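This is what each chain is made of:
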Amino acid sequence: MEKEEKKEEPIKYGILSNVWFMLKTSFRTYKSVPVLILLESLLYVGDNLISIFFAPAVLSLIQNNAPIKNLLITIFAFAFSLMLLRGLLSYLQTNHLFGRIGVRSELIFMIGSKAMNTSYNNLDNKDFEAKKNKAMDVTGGNSESTEAIWTTLQELLQYLLCFIIYLVILASLNLNIILITFLTTCVSFFITNSVSSWMYKRRDEENKHVNHLRYITQTGKNKQLAKDIRLFGMEAWLKELYEKHLRLYSNFHLEGEKRYFFADLADLVLTFLRNGLIYYWLISLVLQKNISVPQFILYFAAAGTFTQWVSGILNQFSVLHKQSLDISRLREFFEFKEDYLFEKGEKVPLQKENLIELKEVSLLYSEGGTPVLDRFNLTLKPKEKLAIVGLNGAGKTSLVKLITGLYDPSQGEVLFNGKNIKEFNRGEYYKCFSAVFQEFSILPTSIAVNIAQSREDINKERIEEVLKLSGLYDKVQTLPQKEETRLCKDIFFDAVELSGGETQKLLLARALYNDRPFLILDEPTAALDPIAEHELYTKYNDLSKDKTSIFISHRLASTRFCDRIIFIKDGKIIEEGTHDSLLKKGGEYAHLFEVQSKYYKEEQDKELPEGLGEI
């Protein structure tokens, strides 16, 4: 059975649509960009007209025995005009770069904004990631399409204006010259354009190779993975993988370059034929004395540059076509489907006591895969302290992501005060939760800004309060600038590096700062020492005061502080109750607690002097 060919993705936006998109972006940020393009084009046309008429005008005066004074005035007028136009043109070319970079910078900001504000489930979407990477590539430098398009538009406008003027000049001589030029340049254009379309239609294949190379490069540079790479001797393996995908990427581009080579060869042959016929015609007219020597110089220059304008127009259209394809991919990223409502969503109905319900909820990460949660039901009562326990892969973190609205269920519904969260402004719904997740980010700025997640209107009293609650206050007081001490030594020489446990306390302080109605703690004691862990447990009631809290932990001893415990296995709740009731039940929770207790007791006995372990 033959393998079914993948259907080619159609080009979503045309050239005019993409040019208008770039112009709108410019009008919104740097209006000077299109204005300077128009001015530079007019100066360029003026420069070319003066240049082409200069020699014929001087030669005509000499043939007509004009006075030396008139000849000098004419030469001076032409020279001064050229000097003035070229000076202005040089000035504009020197200063037009700032606006063009500004427009590209705006697009980079838009990419970042889209990536940070998109529906969370898009971050697991390979198509979204591929489009984001392509969008970043398209805005990655001065030569990329989002900036280079302004040069293309400027040259295209220049060539079009010159084309019209030279068309008028040559039309008075012979229309055959115009016809020959059009036919040969159009054939050349369509050959080149077909190659560009071939490359665009296989852009997903190119992105696949680029993503592999980017991932391997980032892995090799990752500071957190540096120990594993060295200890397990992964350098050679990573290098082998990189070279393999680099060869595949090179072979892909080699195939494209072959096509471009034959297209350029065809263009060279057509140019030779075109110029040969035009020059033969003009020389014949001179020999037959149908045109004068000044006219010959004028027409000779006009014919040569006319082919340049026609060829330039079509070549620039080809370049614009390529750039339009890139900008089309950029726009596809900006308009990537959002599954969640944001600005158009309803306001979240916050109350003094808020209720969250999961009804018949199922969650699948891939179509046809095994459900992570299967027909799951749970009611999270107001101001309840709920513990979620279970083995790795049971679905604990996935459950929290459903409750917080980071994911939507594949089936069933999540209700907030009786209403489906899909109807809410998702950004506003996120603000109902404070969380400490296993994955986190530390910003290269002060401790206070890291906690407040803002540079403005920081409540210093609240900062001090949450530092004390999280157990980090004493450590911060020993630092040179206290809560104004900066983090991340990779950025600042005077920064400090917090330990794993101290970082976890910082994240806890961040979660407490905004005083939101729901508090999520996903393995908050994983990096804490036993003393710090005990301090956290004793403060747990203060931490979760007047809040509904969810506590995820592998250490079952920590769950005794919670009002209710649910034990998850295979995506379902198999046991539910308080710590004491579950121990009396003697089920899987009790068995797991016994195993952990035995382990901790054995460790404790090893540390005690002989004989004391039995007391």
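Below you will find a few notes about this structure.

Calculation criteria
- Residues numbered from 1 in each chain as written.
- Predicted model: local features only at pLDDT ≥ 70, side-chain atom pairs only at ≥ 80, totals over all residues.
- Heavy atoms only, no water.
- Helix = DSSP H or I, 4+ residues; strand = E, 2+ residues; numbered from the N terminus.
- Buried < 20%, exposed > 50% of the residue type's maximum accessible area, 1.4 Å probe, protein only.
- Pairing = 2+ DSSP bridges.
- Axes fitted to C-alpha atoms, helices over the stretch in contact; angles between N-to-C directions.
- Contact = heavy atoms within 4.5 Å.
- Parallel < 35°, antiparallel > 145°, perpendicular 65-115°, else oblique.
- Nonpolar A, V, L, I, M, F, W, Y, C, P; charged D, E, K, R; others polar.
- Core = buried A, V, L, I, M, F, W, Y, C linked by side-chain atoms within 4.5 Å.
- Salt bridge = Lys/Arg side-chain N within 4 Å of Asp/Glu carboxyl O.
- Left-handed = near helix turned anticlockwise from the far one by under 90°.
- Polar contact = N/O pair within 3.5 Å; in protein donor to acceptor, adjacent residues only side chain to side chain.
- Phe/Tyr/Trp six-rings, centres within 6.5 Å; stacked < 30°, edge-to-face > 60°.
- Lys NZ or Arg CZ within 6 Å of the ring centre and 35° of its normal.

### Topic: unusual backbone geometry
A negative phi angle is the norm for most residues apart from glycine, just as the trans form is the norm for most peptide bonds.
Thinking step 1. If you check the backbone angles, Glu360 has positive phi at about 50° while not being a glycine.
Thinking step 2. Along the chain, the position of Glu360 falls in strand E1 (residues 356-363).
Thinking step 3. On the accessibility criterion, Glu360 (34% relative accessible area) is partly exposed.
Thinking step 4. Although it is not a glycine, Cys488 adopts a positive phi angle of roughly 80°.

### Re the sheet that holds strand E3 (residues 385-389)
Thinking step 1. If you walk across this open sheet you meet the six strands as E6-E7-E8-E3-E9-E10, and the pairing is mixed. Looking at which strands have only one partner, the edges of the open sheet turn out to be strand E6 (433-436) and strand E10 (572-577). Shown here is a sheet whose adjacent strand axes are inclined to one another by a mean of 20°, direction ignored.
Thinking step 2. Examined bridge by bridge, E3 and strand E9 (residues 564-569) share four bridges and lie parallel to one another. Opposite Leu386, over in E9, you have Arg564 as the bridge partner.
Thinking step 3. The strands touched by helix H12 (residues 396-403) are E3, E6, strand E7 (518-522), strand E8 (548-552) and E9; relative to E8, the strand with the most contacts, the crossing angle is about 155°.

### Structural notes on the packing of helix H5 (residues 126-138) against helix H8 (residues 203-221)
Thinking step 1. With their axes 10 Å apart at the nearest point, H5 and H8 run at an angle of 85° to one another. What the angle tells us is that H5 and H8 run roughly perpendicular. For the pair H5 and H8, contact is made by Ala130, Asn133, Lys134 and Asp137 and by Asn207, Val210, Asn211 and Arg214, respectively.
Thinking step 2. For the contact of H5 with H8, the per-class residue count stands at two nonpolar, three polar and three charged.

### What about the nonpolar core?
Thinking step 1. Counting 40 residues, the largest nonpolar core has Met22 and Trp150 as its most contacted members.
Thinking step 2. For this core, the element with the highest residue contribution is helix H11 (residues 293-334), accounting for 11 residues.
Thinking step 3. Leaving out residues up to four positions away in the same chain, Met22 has contacts with Val103, Leu107, Thr146, Ile149, Trp150 and Ile327.
Thinking step 4. Core analysis: the second largest hydrophobic core is formed by 38 residues, Ala452, Val476, Leu498 and Ala511 among them.

### Observations concerning the pattern of salt bridges
Thinking step 1. According to the stated counting rule, one finds 25 salt bridges in the structure shown.
Thinking step 2. A salt bridge links Asp47 to Arg86, with the nearest nitrogen and oxygen atoms 2.5 Å apart. Of this pair, Asp47 sits in helix H2 (residues 32-63) while Arg86 sits in helix H3 (residues 68-95), and the two are 39 residues apart along the sequence.
Thinking step 3. For Glu255, the salt bridge goes to Arg259, with nearest N and O atoms at 3.7 Å.

### Describing the environment of Val19
Thinking step 1. Note that Val19 resides in helix H1 (residues 15-29).
Thinking step 2. Sequence separation of Val19 and Val348 is 329 residues, and the distance between their C-alpha atoms is 40 Å.
Thinking step 3. Not counting chain neighbours up to four residues away, the residues in contact with Val19 comprise Leu153 and Leu320.

### Side note on the packing of H2 against H3
Thinking step 1. Direction vectors running N to C along H2 and H3 enclose 160°, while the axes themselves pass 9 Å from each other. By the angle class used here, H2 and H3 are roughly antiparallel. The interaxial crossing formed by H2 with H3 has left-handed handedness.
Thinking step 2. By residue class, the composition of the contact of H2 with H3 is 19 nonpolar, six polar and three charged.

### A look at the side chain of Asn417
Thinking step 1. Tracing the sequence through the fold places Asn417 in the loop between strand E4 (411-416) and strand E5 (419-420).
Thinking step 2. Among the polar contacts listed, one links the side chain of Asn417 to the side chain of Asn354, at a separation of 3.0 Å.
Thinking step 3. Apart from residues lying up to four places away in sequence, Asn417 is in contact with Pro349, Leu350, Gln351, Glu353, Asn354 and Leu355.

### Considering the packing of aromatic side chains
Thinking step 1. Enumeration according to the criterion identifies 16 aromatic pairs in this entry.
Thinking step 2. Between Phe416 and Tyr429, the aromatic rings sit 5.5 Å apart at their centres with planes inclined by 90°, giving edge-to-face as the arrangement. In this pair, Phe416 is assigned in strand E4 and Tyr429 in helix H13 (residues 426-430), connecting sequence segments 13 residues apart. Of the two residues examined, Phe416 and Tyr429, each falls in the buried class.
Thinking step 3. Each residue in the set Phe21, Phe128, Phe333, Phe334 and Phe336 is aromatic and connected to the rest through ring pairs, giving one cluster.
Thinking step 4. In this structure, Lys468 packs its charged tip against the face of Tyr473, placed 4.9 Å from the ring centre.
Thinking step 5. Above the plane of the ring of Phe492 lies Arg486, whose end atom (NZ or CZ) is 3.9 Å from the centre.

### Concerning the pairing of E3
Thinking step 1. Burial within E3 is extensive, with five of its five residues counted as buried.
Thinking step 2. By the alternation rule, side chains of E3 split into Lys385, Ala387 and Val389 and Leu386 and Ile388, which are all buried.
Thinking step 3. Bridge count between E3 and E8: four bridges; the pairing is parallel. Considered in E8, the bridge of Ala387 is made with Phe551.

Just geometry here; none of it tells us what the structure is for.
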